Amino acid sequence: MEVTNVTEYDAIAKQKLPKMVYDYYASGAEDQWTLQENRNAFARILFRPRILIDVTNIDMTTTVLGFKISMPIMIAPTAMQKMAHPEGEYATARAASSAGTIMTLSSWATSSVEEVASTGPGIRFFQLYVYKDRNVVAQLVRRAEKAGFKAIALTVDTPRLGRREADIKNRFTLPPFLTLKNFEGLDLGKMDEANDSGLASYVAGQIDRSLSWKDVKWLQTITKMPILVKGVITAEDTRLAIQAGAAGIIVSNHGARQLDYVPATIMALEEVVKAAQGRVPVFLDGGVRRGTDVFKALALGASGIFIGRPVVFSLAAEGEAGVRKVLQMLREEFEITMALSGCRSISEITRNHISTDWDAPRAQFAPRL
């Protein structure tokens, strides 16, 4: 059966992958309320399409931190991709590059920054977890920069790992034939078996719970790469991120894997955009499965979106070809959404192209009697 939308890859991945691996990718924290809400919230935003506009030519290109990309659809960092497919991050990197978009490599990738760089040209960001040992962090950041990565996406919502009950039940651990490649030479590349989640134990042992805004400033002293703060969902933290020198913000709830009962990212987006006041670009991840979702995020002020689970699920199903297909399907859906909304370029997508629950009632014209 031909795959015709992004969501169909989920069921295919579930069939193909070992339960421990599928559950690791698919699950959220605790009750998984936010996991559902990340999707459901998009369905509460409706379109106000404009008609009879010449949509012969649609330009989806945009610029992110000065880099021109083919569309505002990018790849979020997802860990341990070789659990999904033997080519793992290599395949994802090639798919992103051929689609003309940005890939973000996870700190916890099963391929190193150097290996991913060796796949060929492409604009790549590096997602960073801050370890207790700052020398490890500095070394990793330098390696990413040297390998040609263009920005750091600093994850700020994980001082501890959220309670992912499937991982606890499955006693999740990295399969023995794989390593966290970026840490291999530092004796931090392996994950021990634990009596709950092996990843949770690893995080508890290695990741710095004392991380604060001063560390965002410190990072700027060790790299020229711009820093995106990933995991902001409030106006207050948006203002603090900008004060701390962030080059951009990623509105993210970590794929609903950290604190349950936070709002869907699409619901938090407008608050963050308003607080940013155009000083830095704001991006979104979480729950994007359709081109219509991309349009809704841009209408609410996002400069672009990142996709996570669709990448690992399509990778599991069809390798590089699967990831290419996900990017292509989202691109086509986004293009048709633009055309049917009367938008010929990214700059023509406005807040007036959507309506939400929280909009003020529009002026109604009284009918002439």
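Just so it is clear, the model here is predicted, and its values are computed rather than measured. (Residues numbered from 1 in each chain as written. Predicted model: local features only at pLDDT ≥ 70, side-chain atom pairs only at ≥ 80, totals over all residues. Heavy atoms only, no water.)

Let's shift gears to the overall build of the protein chain. Within the protein chain, the regular secondary structure consists of 13 helices and 12 strands. In summary, the protein chain has a C-alpha radius of gyration of 20 Å against a globular reference of 21 Å for 369 residues, a match within 12%. Dimensions of the protein chain, computed from the C-alpha atoms along their principal axes, are close to 80 × 50 × 40 Å. In the protein chain, which comprises 369 residues, the proportion classed as buried is 55%. (Helix = DSSP H or I, 4+ residues; strand = E, 2+ residues; numbered from the N terminus. Rg over C-alpha atoms; globule rule 2.2 N^0.38 Å. Buried < 20%, exposed > 50% of the residue type's maximum accessible area, 1.4 Å probe, protein only.)

Looking only at helix α10 (residues 235-243), the buried set comprises Ala-235, Thr-238, Ala-241 and Ile-242. In an axial view of α10, the angular spread of the buried residues amounts to 120°, which keeps them on one side of the axis. Taken together, the buried residues of α10 touch α9 (213-222), β8 (227-232), β9 (248-251) and α11 (265-276). Looking one or two residues past α10, Gly-245 carries a phi angle of roughly 95°, positive in sign. (Arc of directions from axis to C-beta. Contact = heavy atoms within 4.5 Å.)

To continue, consider the pairing of strand β10 (residues 282-285). Each regular strand shows side chains that alternate between the opposite faces of the sheet. Judged by which residues are buried, β10 turns out to be covered on both faces: Val-282 and Leu-284 on one side and Phe-283 and Asp-285 on the other are all buried. Inspection of the sheet shows β10 paired to strand β11 (residues 304-307) by three bridges, in the parallel sense. Residue pairing across strands places Leu-284 opposite Ile-305, the latter belonging to β11. Handedness of the crossover joining β10 and β11 through helix α12 (residues 291-299) is recorded here as right-handed. (Pairing = 2+ DSSP bridges. Right-handed = clockwise from strand over helix to strand, strands pointing away.)

On to the nonpolar core. It is characteristic of soluble globular proteins that their nonpolar side chains tend to be buried jointly. Core analysis: the largest hydrophobic core is formed by 105 residues, its most contacted members being Trp-108, Leu-128, Tyr-131, Ile-266 and Phe-334. Sort the elements by how many residues they give to this core and helix α13 (residues 309-341) lands first, with 13 residues. Judged by nonpolar contacts, the second largest core, of 12 residues, contains Ala-76, Ala-151, Phe-283 and Phe-306. (Core = buried A, V, L, I, M, F, W, Y, C linked by side-chain atoms within 4.5 Å.)

Our next topic: the packing of helix α1 (residues 8-16) against α13. Two numbers describe a pair of packed helices, the interaxial angle and the distance between the axes. As a packed pair, α1 and α13 sit with axes 10 Å apart at the nearest point and diverge in direction by 170°. In terms of orientation, α1 and α13 fall into the roughly antiparallel class. Helix-helix and strand crossings are classified by hand; for α1 and α13 the assignment is left-handed. Judged by residue contacts, Tyr-9, Asp-10, Ile-12, Ala-13 and Lys-16 of α1 engage Phe-313, Ser-314, Ala-316, Ala-317, Glu-318, Gly-322, Lys-325, Val-326 and Met-329 from α13. (Axes fitted to C-alpha atoms, helices over the stretch in contact; angles between N-to-C directions. Parallel < 35°, antiparallel > 145°, perpendicular 65-115°, else oblique. Left-handed = near helix turned anticlockwise from the far one by under 90°.)

With that out of the way, let us pick up α12. Judged by how many residues are buried, α12 sits mostly within the fold: eight of nine residues are covered. Where α12 terminates, the next one or two residues include Gly-301, which has phi positive at roughly 110°.

Once that is clear, we can look at the environment of Leu-330. Locating Leu-330 in the fold gives a position in helix α13. Note on Leu-330: relative accessible area 0%, which makes it buried. With 226 residues separating them along the chain, Leu-330 and Thr-104 place their C-alpha atoms 18 Å apart. Discounting chain neighbours no more than four positions away, the residues touching Leu-330 are Val-6, Ile-73, Arg-289, Arg-290, Gly-291 and Ile-307.

Here the UniProt-annotated "binding site: glyoxylate" (unreviewed entry) positions come out as Tyr-24, Tyr-129, Arg-164, His-254 and Arg-257. On the basis of relative accessibility, which here comes to 6%, the residue Tyr-129 falls in the buried class. Filtering out sequence-adjacent residues up to four positions away, Tyr-129 remains in contact with Ser-107, Trp-108, Val-137, Thr-155, Thr-158, Ile-207 and His-254. Mapping Arg-257 onto the fold places it in the loop between β9 and α11. A residue is classified by how much of its surface remains accessible, and Arg-257, at 9% relative accessible area, is buried. Leaving out residues up to four positions away in the same chain, Arg-257 has contacts with Tyr-24, Tyr-25, Ser-27, Gly-28, Ala-29, Gly-162, Arg-164 and Arg-309. In terms of polar contacts, Arg-257 uses its side chain to reach the backbone carbonyl oxygen of Tyr-24, at 2.7 Å. (UniProt positions renumbered as here; feature names shortened; annotations may be inferred. Polar contact = N/O pair within 3.5 Å; in protein donor to acceptor, adjacent residues only side chain to side chain.)

Applying the stated rule across the entire model yields 18 salt bridges. One salt bridge connects Glu-320 with Arg-94, and the closest N-O pair in it is separated by 2.8 Å. Of this pair, Glu-320 sits in helix α13 while Arg-94 sits in helix α4 (residues 88-99), placing them 226 residues apart in sequence. Assessed through its relative accessible area of 27%, Arg-94 is described here as partly exposed. (Salt bridge = Lys/Arg side-chain N within 4 Å of Asp/Glu carboxyl O.)

Moving on, we get to the pairing of β9. Burial along β9 is two-sided: Gly-248 and Ile-250 facing one way and Ile-249 and Val-251 facing the other are all buried. Sheet topology note: the β8/β9 ladder contains four bridges and is parallel. Bridged to Val-232 within β9 is Val-251. A crossover links β8 with its parallel partner β9, the connecting element being α10, and its sense is right-handed. Taking the sense of rotation as the criterion, the β-α-β connection linking β9, α11 and β10 turns out right-handed.

Position of Lys-296 among the secondary structure elements: in helix α12. A distance of 2.9 Å separates a polar atom in the side chain of Lys-296 from the backbone oxygen of Ile-45. The contact partners of Lys-296, leaving out residues within four places of it in the chain, are Phe-42, Ala-43, Ile-45, Phe-47, Ile-266 and Ile-354.

A few words on the environment of Pro-49. Take Pro-49: it is sitting in the loop between β1 (46-47) and β2 (62-64). With a relative accessible area of 44%, Pro-49 lands in the partly exposed category. Taking the C-alpha atoms as reference points, Pro-49 and Gly-308, 259 residues apart in sequence, are found 28 Å from one another.

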